[in-house]
Amino acid sequence: DTGVSQDPRHKITKRGQNVTFRCDPISEHNRLYWYRQTLGQGPEFLTYFQNEAQLEKSRLLSDRFSAERPKGSFSTLEIQRTEQGDSAMYLCASSLGDRLADTQYFGPGTRLTVL
Amino acid sequence: AQSVTQLGSHVSVSEGALVLLRCNYSSSVPPYLFWYVQYPNQGLQLLLKYTSAATLVKGINDFEAEFKKSETSFHLTKPSAHMSDAAEYFCAVSKAAGNKLTFGGGTRVLVKP
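The structure displayed is predicted, hence computed values, not measured ones.

1. A look at the pairing of strand β1 (residues 3-7) of chain B
Residues and elements named next belong to chain B.
- By the alternation rule, side chains of β1 split into V4 and Q6, which are all buried, and S3, T5 and L7, of which none is buried.
- Pairing geometry for β1 and strand β3 (residues 19-26), over five bridges, is antiparallel. From the neighbouring strand, S3 faces β3, where its bridge partner is S26.

Structure, rendered in structure tokens:
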């Protein structure tokens, strides 16, 4: 059983550039979540999908952020015109989504540094 | 709105001593509560979760937590710390099955030999 994978693990970019991250959930997991974690803080919810439908977006997700899950499998998170404040760890998690308080399984994260 | 407060951003314990990490929550509905652990350069791993069954929840690696509704608390304990327990621990709450998690700020545990 492979876990949640994320690619790349690290990304360094210059301010103003666009970046895209990929998340591959555990197979058969219907729900996929994105969180952002800044240094010394707990993860903060960004958005989540039930299959290919994006069901909720946080106010943290500005217009520069977009997420997709086109076929209900992998997901991408794109940040346009990056700012230094976007520097953080971006975590992806997946869950079955069909049971009481089902467990969210987290990937290793993508660490973004915006110079 | 839900929120989670973890008292103490850093905790230092001696190897073999009791580990106690505090978590208080606020929720307008009966919550689901979770403890996750994060080792350096790794993702979060679930230690245990409360889903309105038994109030004393046992998790992996001898961790356990007790849900106390009257105190709105879900403190995490381990009777005897091991060097491998050095990590950051996060308490989280959600209000519905499969819903988004709201995390506390985390507590970093240092284990002294």
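Having seen the model, we can carry on.
2. Section: the state of the cysteines
- If you walk through the whole model with that rule in mind, you get two disulfides over all chains.
- Residue pairing for A:C23: its cysteine sulfur links by disulfide to A:C92, the two sulfurs lying 1.8 Å apart. Because the sign of the S-S torsion sets the handedness, a value of about -70° for the bond joining A:C23 and A:C92 places this disulfide among the left-handed ones. One end of the pair, A:C23, is in strand β3 (residues 19-24); the other, A:C92, is in strand β9 (residues 88-95), and 69 residues separate them in sequence.
- On the accessibility criterion, A:C23 (0% relative accessible area) is buried.
- The exposure class of A:C92 is buried, given its relative accessible area of 0%.
- B:C23 shares a disulfide with B:C91; S-S distance 2.0 Å.

3. A closer look at the interface of chain B and chain A
- Listed by partner, the interface residues are 20 residues for chain B and 21 residues for chain A.
- At the boundary of chain B with chain A, total buried surface from both sides reaches about 1,700 Å², with 53% on carbon and sulfur atoms.
- Applying the counting rule to chain B against chain A returns one salt bridge.
- With a shortest N-O distance of 2.7 Å, B:K100 and A:E56 are connected by a salt bridge.
- Among the elements of the structure, β4 (32-38) and β5 (44-50) of chain B are those that each provide at least two residues to the side of chain B that touches chain A.
- Counting residues per element, the side of chain B that touches chain A draws most heavily on β4(B), which supplies four residues.
- For the side of chain B that touches chain A, the class distribution of residues is nine nonpolar, nine polar and two charged.

About the criteria used
Residues numbered from 1 in each chain as written. Chains lettered and ligands numbered in written order. Predicted model: local features only at pLDDT ≥ 70, side-chain atom pairs only at ≥ 80, totals over all residues. Heavy atoms only, no water. Buried < 20%, exposed > 50% of the residue type's maximum accessible area, 1.4 Å probe, protein only. Helix = DSSP H or I, 4+ residues; strand = E, 2+ residues; numbered from the N terminus. Pairing = 2+ DSSP bridges. Disulfide = S-S within 2.5 Å. Contact = heavy atoms within 4.5 Å. Buried area = accessible area lost by both parts, 1.4 Å probe. Salt bridge = Lys/Arg side-chain N within 4 Å of Asp/Glu carboxyl O. Nonpolar A, V, L, I, M, F, W, Y, C, P; charged D, E, K, R; others polar.

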